[in-house]
Amino acid sequence: MSAPGPGGPFGALTAFGVARLPRIVFGAGRISELPALAAGHGTRVLLVTGGHSFRDGPAWAPLVAGLEAAGLTWDQLAVAGEPSPDLVDGAVADRRRDPPDVVVGIGGGAALDAAKAIAGLLRSGTSVLDHLEGVGRSLPYPGPATPFIAVPTTAGTGSEATKNAVISGRLPGAGADDPPFKKSFRDDRLVASVALLDPDLLAGCPPAVIAGDGMDALTQLLESFTSTGASPFTDAVARSGLAAIGGALPAWHAAALAGVSAPETATARAATAWAALCSGIALANAGLGAVHGLVAPLGARFGIHHGTGCGALVAAVTRTNLAALAERAPGSRALDRYAEAGCLLAGDPGSTGDALTDAAARQALPSALDRLAAELQIPRLATYGVTADAFPALVAESRGSSMRTNPVVLTDDEIRAILAASR
Ligand SMILES: [Zn+2]
């Protein structure tokens, strides 16, 4: 790594802000504190869970007993798959007359996003379709939101720390030729009041979920670290996450594939959960890049899981960004950040005598990402039926908010080449 300048590792400290964060409760076993945290907001709780996995797991019975012991009444909504406008609006309509005091989302990113959107709309009663970015009526969100507690049971999306909920669906009256959308409902008031991260809840994660969500976290760390919106704050958070995830994610995935018992994966689970939280905090403050620009239309058109799509794209996007930066912005700070990310992911802090040089670290990064995706058994885009015919539409639909903070403006040809290399 190159020697630090007068600003040390921070470079020149420029103006920046830190967006609203949830109160963070992190640690194994801390799910036991959820009833008391919920009781801080009232007595009626809506629990939004994903599918059935949490209800079938060991934490469900103690949670229910804890809620009842705390004098709370609760009802439950199970969300299978990514939230649609109908699901969100229907859940709100069903509860408007007797609304909960607090919404608790327990699950993966889809369950947390559903809970976040429902909590956001219970009081306003407006449709989620009114407030989506880039689709529908784009009306201002009036608020206020019902208090929301986020409890992730996977490590990846960082939704517990962000102000947006991703909604997937079609506009009312859309014709068969109109593409489905995947867009954000975004507002500062949607940020969870509490993010409770208990790595014990991750013990039952299947290997494919560990891989997909883990690659989402890694991509979010890398994209926020190299984003044009990065700040000294997001750099510090992203550095910590990158240093944690490089070793922990493949170790946890390999252990899960081998059926290793939960106590032996505790360290890797906690490190990956931390990295995922860092990724959410970093992306909420820095923005993302071309991987996230492309994965939204890929998810909408081909049903590709968000994190799996990130894993399929991240090496090619990194390779293309590096080449475009070298050609068109050779003084960009993103080149330094890519070099640093390569060292951090490789477990090399750059402070030892045989540290990788910047150029070597940059060159090694895309190949390391390719190897990691292969090790984690991330399918390629062709597995989902993505063909070259779809490239023009995908390129056109990739220019959303994430693409705007990519470290370099990519040409349509470069984006097409990323898709071709990731097929
Ligand atoms: Zn993501």
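Refer to the preceding data block for the structure.
Summarised in this report is the structure supplied together with it. (Residues numbered from 1 in each chain as written. Predicted model: local features only at pLDDT ≥ 70, side-chain atom pairs only at ≥ 80, totals over all residues. Heavy atoms only, no water.)

**A word on helix α5 (residues 109-121)**
Alright, step 1. Here α5 contains 13 residues, and its C-alpha end-to-end distance of 18 Å stays within 8% of the 18 Å for a straight helix at 1.5 Å per residue.
Alright, step 2. The buried count for α5 comes to 12 of 13 residues, which makes it a mostly enclosed element.
Alright, step 3. All of the buried residues along α5 are Gly109, Ala111, Leu112, Asp113, Ala114, Ala115, Lys116, Ala117, Ile118, Ala119, Gly120 and Leu121. (Helix = DSSP H or I, 4+ residues; strand = E, 2+ residues; numbered from the N terminus. Expected span 1.5 Å × (residues − 1). Buried < 20%, exposed > 50% of the residue type's maximum accessible area, 1.4 Å probe, protein only.)

**What about the pattern of salt bridges?**
Alright, step 1. In total, this model carries 19 salt bridges according to the counting rule given.
Alright, step 2. Across the pair Arg44 and Asp98 runs a salt bridge, and its minimum N-O distance is 2.6 Å. With a gap of 54 residues between them, Arg44 in strand β2 (residues 44-50) and Asp98 in the loop between α4 (85-95) and β4 (102-107) connect regions that are remote in the sequence.
Alright, step 3. For Arg44, a relative accessible area of 30% translates into the label partly exposed.
Alright, step 4. The exposure class of Asp98 is exposed, given its relative accessible area of 53%.
Alright, step 5. The salt bridge partner of Asp187 is Arg189, with a shortest N-O separation of 2.8 Å.
Alright, step 6. Linked through salt bridges whose partners overlap, the residues forming this network are Arg44, Asp98 and Asp101. (Salt bridge = Lys/Arg side-chain N within 4 Å of Asp/Glu carboxyl O.)

**Things to note about the side chain of Thr226**
Alright, step 1. As for its placement among the helices and strands, Thr226 is situated in helix α6 (residues 207-226).
Alright, step 2. Apart from the residues within four sequence positions on either side, Thr226 is in contact with Arg333, Ala334, Arg337, Tyr338 and Pro407. (Contact = heavy atoms within 4.5 Å.)

**Details of a nonpolar patch on the surface**
Alright, step 1. Residues Leu13, Phe16, Val18 and Leu21 make up a contiguous nonpolar surface patch of about 370 Å² in total accessible area.
Alright, step 2. Assignment of secondary structure puts Leu21 in the segment before β1 (23-26).
Alright, step 3. Assessed through its relative accessible area of 34%, Leu21 is described here as partly exposed. (Patch = residues over 30% accessible without salt bridge, like charges linked within 9 Å, V, L, I, M, F, W, Y side chains within 5 Å. Areas by Shrake-Rupley, 256 points an atom, 1.4 Å probe, with all protein chains shown as cover.)

**A few points about the sheet that holds strand β8 (residues 194-197)**
Alright, step 1. Taken together, the 6 strands give an open sheet; going across it, the order is β1-β8-β5-β4-β2-β3, and neighbouring strands pair in parallel fashion. Only two strands of the sheet have a single partner each, and these edge strands are β1 and β3 (73-79). When strand polarity is set aside, the average angle formed by the axes of neighbouring strands in this sheet is 15 degrees.
Alright, step 2. Pairing of β4 with strand β5 (residues 148-152), which is carried by 5 bridges, proceeds in the parallel orientation. Considered in β5, the bridge of Gly105 is made with Ala150.
Alright, step 3. Relative to the sheet, helix α3 (residues 60-69) contacts β2, β3 and β4, its axis offset from that of β3 by approximately 150 degrees. (Pairing = 2+ DSSP bridges. Axes fitted to C-alpha atoms, helices over the stretch in contact; angles between N-to-C directions.)

**Comments concerning the packing of aromatic side chains**
Alright, step 1. Enumeration over the complete set of coordinates arrives at 3 aromatic pairs.
Alright, step 2. With a centroid separation of 6.0 Å and 90 degrees between ring planes, the pair formed by Phe54 and Trp60 is classed as edge-to-face.
Alright, step 3. When its relative accessible area of 9% is taken as the criterion, Phe54 is described as buried.
Alright, step 4. Under the relative-accessibility criterion, Trp60 is labelled buried at 9%.
Alright, step 5. Their ring planes at 80 degrees and their centres at 5.3 Å tell us that Tyr141 and Phe185 sit as a pair that is edge-to-face. Here Tyr141, found in the loop between α5 and β5, pairs with Phe185, found in strand β7 (residues 181-186); they are 44 residues apart in sequence, far enough to count as distant.
Alright, step 6. A relative accessible area of 7% places Tyr141 in the buried class.
Alright, step 7. Within the aromatic cluster, the residues linked to one another by ring pairs are Phe54, Trp60 and Trp74. (Phe/Tyr/Trp six-rings, centres within 6.5 Å; stacked < 30°, edge-to-face > 60°.)

**Focus: the coordination of the zinc ion**
Under ideal tetrahedral coordination, the four donors around a metal are separated by 109.5 degrees; under ideal octahedral coordination, the six donors are separated by 90 or 180 degrees.
Alright, step 1. For the zinc ion, every protein donor is listed as Asp216 (OD), Gln220 (OE1), His292 (NE2) and His306 (NE2), and the spread of their distances is 2.0 to 2.1 Å.
Alright, step 2. Around the zinc ion, the 4 donor atoms sit at angles spanning 84 to 151 degrees, and that spread fits a shape best called irregular.
Alright, step 3. Donor residues binding the zinc ion come from one chain and are separated in sequence as D-x3-Q-x71-H-x13-H. Note that Asp216 and Gln220 are positioned in helix α6 at a spacing of 4 residues, about one turn of the helix.
Alright, step 4. Gln220 sits in the buried class, given a relative accessible area of 3%. (Donors = N, O, S within 2.8 Å, 3.2 Å for Na, K, Ca; no water. Tetrahedral: all angles 85-135°; square planar, octahedral: opposite > 155°, others 65-115°.)

**Here we look at the nonpolar core**
Alright, step 1. Of all hydrophobic cores here, the largest spans 71 residues; its most connected members are Met215, Ile245, Leu298, Leu313, Leu369, Leu381 and Leu419.
Alright, step 2. Of all the elements, helix α10 (residues 306-328) adds the most residues to this core, at 10 residues.
Alright, step 3. Non-local contacts of Leu369, meaning those with residues more than four positions away in its chain, are made with Leu218, Leu222, Val314, Ala315, Thr318 and Leu345. (Core = buried A, V, L, I, M, F, W, Y, C linked by side-chain atoms within 4.5 Å.)

**Examining helix α7 (residues 232-257)**
Alright, step 1. The end-to-end C-alpha distance of α7 is 37 Å, a good match for the 38 Å that 26 residues give at a rise of 1.5 Å each.
Alright, step 2. Of all the bends in α7, the greatest, near 40 degrees, is centred on Ile245. (Bend = angle between axes of the 7 residues up to and from the residue.)

**Some thoughts on the environment of Ala36**
Alright, step 1. Note on placement: Ala36 falls in helix α1 (residues 34-39).
Alright, step 2. Taking the C-alpha atoms as reference points, Ala36 and Ala69, separated by 33 residues in sequence, lie 9.8 Å from one another.

**Some thoughts on the environment of Val409**
Alright, step 1. With respect to the helices and strands, Val409 occurs in the loop between α13 (391-397) and α14 (412-422).
Alright, step 2. The sequence separation of Val409 and Gly289 amounts to 120 residues, and the corresponding C-alpha distance is 9.9 Å.
Alright, step 3. Those residues in contact with Val409 that lie beyond four places of it in its chain are Arg328 and Glu414.

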